[in-house]
Amino acid sequence: IHQYSARRDKPFIAINCGAIPNELIESELFGYESGAFTGANPKGKPGKFELANGGTLFLDEIGDMPLNVQVHLLRVLEDRVVTRVGGSKSIPIDVRIIAATHRDLKESVKKGDFREDLLFRLRVIQLNIPSLRDRAADIPDLARYYVHLLSKNFGTENIELLPKTIKHLQAYSWPGNIRELRNVIEQALFNMEGNIILPNDLPAEIVDVSKNENPEKEHLIQAIQLSGGNITEAAERLGISRATMYRRMKKYGIMTD
């Protein structure tokens, strides 16, 4: 989106709202003045909004942003000015916001974890990206892209993905989505001999799943395993409700501790 916009020659700044401690995310976004807190840079520091001025700020996993920071973010979006932590000067900013989340923000609003007014402010244009398991037709191109991207790390080139290898990739449910696909391709590049990726170069669970006669059951089991037995998290991975998750588990006789 940034590269195809009129802002493509301006900064693109990204921040993962779920990967930064709550006590630091405000200063990361809005910056801070000298002496704002213990351990701060004595010269102060600009935040992501200032760094992205004129360009685009990508707020990844915005559903994990603390409520107190959501209040400040809403004010910045409304007023188009930012005030550093520990400061009083209003700094004008011109930033396009792109936000992403794996959470159902409507449900988060109902639970009181996300501000409804912020959701309305952010949701100008909404894009829903289907899970990888729901767009198997994209897998061959994505797999070849990651082969090309990662092969340089192994000192190889002109690597071939056999059609039967791609077939195994398309049969898998990909509970970890794109990140999991990237990791699988990297592992296959490590395992392969020569310059051809064979099915045997893939993780065993992917090859086994493609042979399974009941992929839906296997998808459920994979999601539960990846979630450490947490049914709520497993349901989120699969993009279904907790009630639907339990209903399908009962259907296939899947039990957890």
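1. Things to note about the pattern of salt bridges
Here's step 1: Within this structure, the stated rule accounts for eleven salt bridges.
Here's step 2: Among the ionic pairs, glutamate 28 bridges to lysine 45, the shortest N-O distance being 3.9 Å. Here lysine 45 lies in the loop between helix H1 (22-30) and helix H2 (48-51) and glutamate 28 lies in helix H1, a separation of 17 residues in the sequence.
Here's step 3: Salt-bridge contacts for aspartate 64 lead to arginine 103; the nearest nitrogen and oxygen are separated by 2.6 Å. Of this pair, aspartate 64 sits in the loop between strand S2 (56-60) and helix H3 (67-79) while arginine 103 is found in the loop between strand S5 (96-99) and helix H4 (105-111), placing the two residues 39 residues apart along the sequence.

2. Description of helix H11 (residues 231-238)
Here's step 1: Listing the buried residues of H11 in full gives Ile231, Ala234, Ala235 and Leu238. Around the axis of H11, the buried residues are gathered within 100° of arc, so they sit on the same side.
Here's step 2: Capping the start of H11 is the job of one residue whose side-chain oxygen sits 3.1 Å from the backbone nitrogen of threonine 232: asparagine 230.
Here's step 3: A positive phi of about 75° marks glycine 239, the residue just after H11.

3. Digging into unusual backbone geometry
Both trends apply: most residues other than glycine have a negative phi, and most peptide bonds are in trans.
Here's step 1: Its identity is not glycine, yet asparagine 158 carries a phi of approximately 55°, on the positive side.
Here's step 2: For asparagine 158, the location among the structural elements is in the loop between helix H6 (139-151) and strand S6 (160-161).
Here's step 3: The class of asparagine 158 is exposed, set by a relative accessible area of 66%.

4. Some remarks on the confidence of the model for the protein chain
Here's step 1: Here the protein chain averages 89 in pLDDT, and 97% of its residues register 70 or above.
Here's step 2: The least confident element of the protein chain is helix H9 (residues 204-211), whose mean pLDDT is 73; the most confident is S2, at 97.

5. Quick look at a nonpolar patch on the surface
Here's step 1: Residues Ile1, Val124, Ile125 and Leu127 make up a contiguous nonpolar surface patch of roughly 500 Å² in combined accessible area.
Here's step 2: Assessed through its relative accessible area of 62%, leucine 127 is described here as exposed.

6. Notes on the nonpolar core
Here's step 1: Counting residues in hydrophobic clusters, the biggest one holds 26 residues, and the most contacted among them are Leu29, Phe49, Leu57, Leu59, Met65 and Leu73.
Here's step 2: Elements represented by at least two residues in this core include exactly strand S1 (12-16), H1, S2, H3 and helix H5 (116-122).
Here's step 3: The element best represented in this core is H3, accounting for five residues.
Here's step 4: The contact partners of leucine 73, leaving out residues within four places of it in the chain, are Phe30, Phe49, Leu59, Ile62, Met65 and Leu118.
Here's step 5: By size, the runner-up hydrophobic cluster in this structure holds 22 residues, among which are Tyr172, Ala188, Leu189 and Leu202.

7. Topic: the packing of H6 against helix H7 (residues 163-171)
Here's step 1: For the pair H6 and H7, interaxial distance at closest approach is 10 Å and the crossing angle is 115°. By the angle between their axes, H6 is roughly perpendicular relative to H7. Crossing hand, H6 versus H7: right-handed. Only Ile166, Leu169 and Gln170 of H7 make contact with H6, whose side of the interface consists of Ile139, Pro140, Ala143 and Arg144.

8. So, H1
For the α-helix, the turn length of 3.6 residues means that residues three or four positions removed from each other point alike.
Here's step 1: Listed in full, the buried residues belonging to H1 are Ile25, Ser27, Leu29 and Phe30.
Here's step 2: Buried residues belonging to H1 abut S1, H2, S2, H3 and strand S3 (81-83).

9. Side note on the packing of H11 against helix H12 (residues 242-252)
Here's step 1: Contact geometry of H11 with H12 gives a least axis separation of 9 Å together with a crossing angle of 95°. Compared by their axis directions, H11 and H12 come out roughly perpendicular. Contact residues: H11 offers Ile231, Thr232, Ala234, Ala235 and Leu238, while H12 offers Arg242, Met245, Tyr246 and Met249.
Here's step 2: Broken down by class, the residue content of the contact of H11 with H12 amounts to seven nonpolar, one polar and one charged.

10. Observations regarding the packing of aromatic side chains
Here's step 1: All told, the structure shown has four aromatic pairs when counted by the stated rule.
Here's step 2: With a centroid separation of 6.4 Å and an interplanar angle of 25°, the aromatic rings of phenylalanine 12 and phenylalanine 58 are classed as stacked. Of this pair, phenylalanine 12 sits in strand S1 while phenylalanine 58 sits in strand S2, placing them 46 residues apart in sequence.
Here's step 3: Judged by centre distance (5.8 Å) and plane angle (20°), the ring pair of phenylalanine 30 and phenylalanine 49 falls under stacked. In this pair, phenylalanine 30 sits in helix H1 while phenylalanine 49 sits in helix H2, placing the two residues 19 residues apart along the sequence.

Procedures and definitions
Note on numbering: residues in each chain are counted from 1, in written sequence order. Per-residue local features are limited, in this predicted model, to residues with pLDDT of at least 70; the limit for side-chain atom pairs, both in listing and counting, is 80 or more; totals at the level of whole chains, interfaces and linings are taken over all residues. Side-chain figures throughout are based on the complete set of non-hydrogen atoms in the structure, without hydrogens or water. We count a salt bridge whenever a side-chain nitrogen from Lys or Arg sits within 4 Å of a carboxyl oxygen from Asp or Glu. Note on conventions: DSSP H or I runs of at least 4 residues are helices, E runs of at least 2 residues are strands, and numbering of each starts at the N terminus. Relative accessibility under 20% of the residue-type maximum defines a buried residue, over 50% an exposed one, and the middle range a partly exposed one, all with a 1.4 Å probe and only protein chains included. Directions are taken from the helix axis to each C-beta atom, and the arc is the one they span. N or O atoms closer than or at 3.5 Å make up a polar contact, with two conditions inside protein: a donor-capable atom paired with an acceptor-capable one, and, for residues adjacent in sequence, both atoms drawn from side chains. A residue's pLDDT is the confidence the predictor assigns to it, expressed on a 0 to 100 scale. The residues that make up patches have over 30% relative accessible area and no salt bridge, and they are joined within 9 Å when like-charged or within 5 Å when they are Val, Leu, Ile, Met, Phe, Trp or Tyr. Accessible areas in this description were obtained via Shrake-Rupley with a 1.4 Å probe; residue shielding takes into account the shown protein chains only. Residue types Ala, Val, Leu, Ile, Met, Phe, Trp, Tyr and Cys, when buried and joined through side-chain atoms within 4.5 Å, form a set referred to as a nonpolar core. Contacts: residue pairs with any heavy atoms within 4.5 Å of one another. Note on geometry: axes are lines fitted to C-alpha atoms, helical ones only across the stretch in contact, with angles between N-to-C directions running from 0 to 180 degrees. Any angle from 65 to 115 degrees is called roughly perpendicular, while one under 35 is roughly parallel, one over 145 is roughly antiparallel, and all others are oblique. Should the near helix be turned anticlockwise from the far one by less than a right angle, the crossing is termed left-handed; should it be turned clockwise, right-handed. Residue classes follow a fixed rule: Ala, Val, Leu, Ile, Met, Phe, Trp, Tyr, Cys and Pro count as nonpolar, while Asp, Glu, Lys and Arg count as charged, and any other residue, Gly among them, counts as polar. Stacked, edge-to-face and tilted are the three classes for Phe, Tyr and Trp ring pairs, Trp counted by its six-membered ring, which pair at centre distances within 6.5 Å; planes under 30 degrees apart are stacked, over 60 edge-to-face, the rest tilted.

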